[in-house]
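Residues per chain, in single letters:
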Amino acid sequence: MTQDELKALVARAALDHVVPGTVVGVGTGSTVNHFIDALATIKDRIAGAVSSSVKSTERLQSHGIAVLDANAVAGIPVYIDGADEIDGRGHMIKGGGAALTREKIVADLAERFVCIADESKLVEVLGAYPLPVEVIPMASAQVIRRFAVAYGGQATVRSGVVTDNGNLIVDVRGLRIADPLAMETEVNQWPGVVSVGIFARHRARVCLLGTPQGVRRLDFA
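Owing to the predicted nature of the structure, the values given are computational and were not obtained by experimental measurement.

**Some remarks on the pairing of strand β3 (residues 76–81)**
(1) Moving on: By the criterion of burial, β3 is predominantly enclosed, with five of the six residues buried.
(2) Moving on: Pairing between strand β1 (residues 23–26) and β3: two bridges, direction parallel. Residue pairing across strands places Gly25 opposite Tyr79, the latter belonging to β3.
(3) Moving on: The pairing of β3 with strand β6 (residues 110–118) spans five bridges and is parallel. Along β6, the bridge assignment pairs Asp81 with Cys115.

The following block contains the structure:
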């Protein structure tokens, strides 16, 4: 099976985690695009969606799925999104699509995060994938310097990318994130950082991995 076919496989499997009659949290990215297309087949059974990006909102609306403002929703049962990396405890690196801050906001509304990914995203230790960090533009150089000093990371501004919030993305290479929660907590306090793409506080509780043998489910306590 191709990687795209694996993504479509887990996207369809994620429909089993959608709670009928409720609002669904919807992430961003290529795997989520498959999920949105699958969600359209049961759109009459949900109350709408809260979206983590402009692109996902547009795709949802193109299928006739109502998109609610996050401020109008007190909570949702489930948030379904992909990951750039996920470890054996449900910690993730996210932000390849530059939507990490809004993804964390929607994840914070949810009782449960369900990650959908192909098996290549499962790793022993996070960090092989460049860590995205959303930063206020005037702080980008200082954040780059701090990563070099604090973690030995080589950080660069992602060229040509502005987030839906009007900020920049700094990608950090050369990391080995042995304690995701500690790094997330530390970096989120640096002046100018809007959000770091480590999802440890908002880790996945379930991961659906697409494999050539079918969907493999991982549950994290």
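**Some points on helix α1 (residues 3–13)**
(1) Moving on: Among the residues of α1, those classed as buried are Leu6, Lys7, Ala8, Val10, Ala11 and Ala13.
(2) Moving on: For α1, the secondary structure elements touched by its buried residues are α2 (30–39), β6, β12 (206–211) and β13 (214–219).

**Here we look at the sheet that holds strand β2 (residues 48–51)**
(1) Moving on: A sheet is described by the order of its strands in space; here six strands give the open sequence β2-β1-β3-β6-β12-β13, paired in mixed fashion. Because the sheet does not close on itself, it has two edges, and the strands there are β2 and β13. On average, each strand axis in the sheet is tilted by 25 degrees relative to the strand beside it, whichever way the strands run.

**Side note on unusual backbone geometry**
(1) Moving on: We note that Ala98 has phi near 65 degrees; this positive angle belongs to a residue other than glycine.
(2) Moving on: Considering the arrangement of structural elements, one finds Ala98 in the loop between β5 (92–93) and α4 (100–109).

**Quick look at the nonpolar core**
(1) Moving on: Counting 25 residues, the largest nonpolar core has Val18, Val26, Phe35, Leu39, Ile80 and Leu208 as its most contacted members.
(2) Moving on: With five residues, the single largest contributor to this core is α2.
(3) Moving on: The residues touching Leu39, leaving out its near neighbours within four places in the chain, are Leu15, Val18, Val26, Ile46, Leu60 and Ile65.
(4) Moving on: Counting 24 residues, the second largest nonpolar core, distinct from the first, contains Val50, Ile76, Tyr79 and Leu209.

**Thoughts on the state of the cysteines**
(1) Moving on: In the structure shown here, the tally under the stated rule is zero disulfides.
(2) Moving on: Of the cysteine sulfurs around Cys115, a residue in no disulfide, the closest is that of Cys207, at 4.0 Å.
(3) Moving on: The class for Cys115 is buried, based on a relative accessible area of 0%.

Thresholds applied
- Residues numbered from 1 in each chain as written.
- Predicted model: local features only at pLDDT ≥ 70, side-chain atom pairs only at ≥ 80, totals over all residues.
- Heavy atoms only, no water.
- Buried < 20%, exposed > 50% of the residue type's maximum accessible area, 1.4 Å probe, protein only.
- Helix = DSSP H or I, 4+ residues; strand = E, 2+ residues; numbered from the N terminus.
- Pairing = 2+ DSSP bridges.
- Contact = heavy atoms within 4.5 Å.
- Axes fitted to C-alpha atoms, helices over the stretch in contact; angles between N-to-C directions.
- Core = buried A, V, L, I, M, F, W, Y, C linked by side-chain atoms within 4.5 Å.
- Disulfide = S-S within 2.5 Å.

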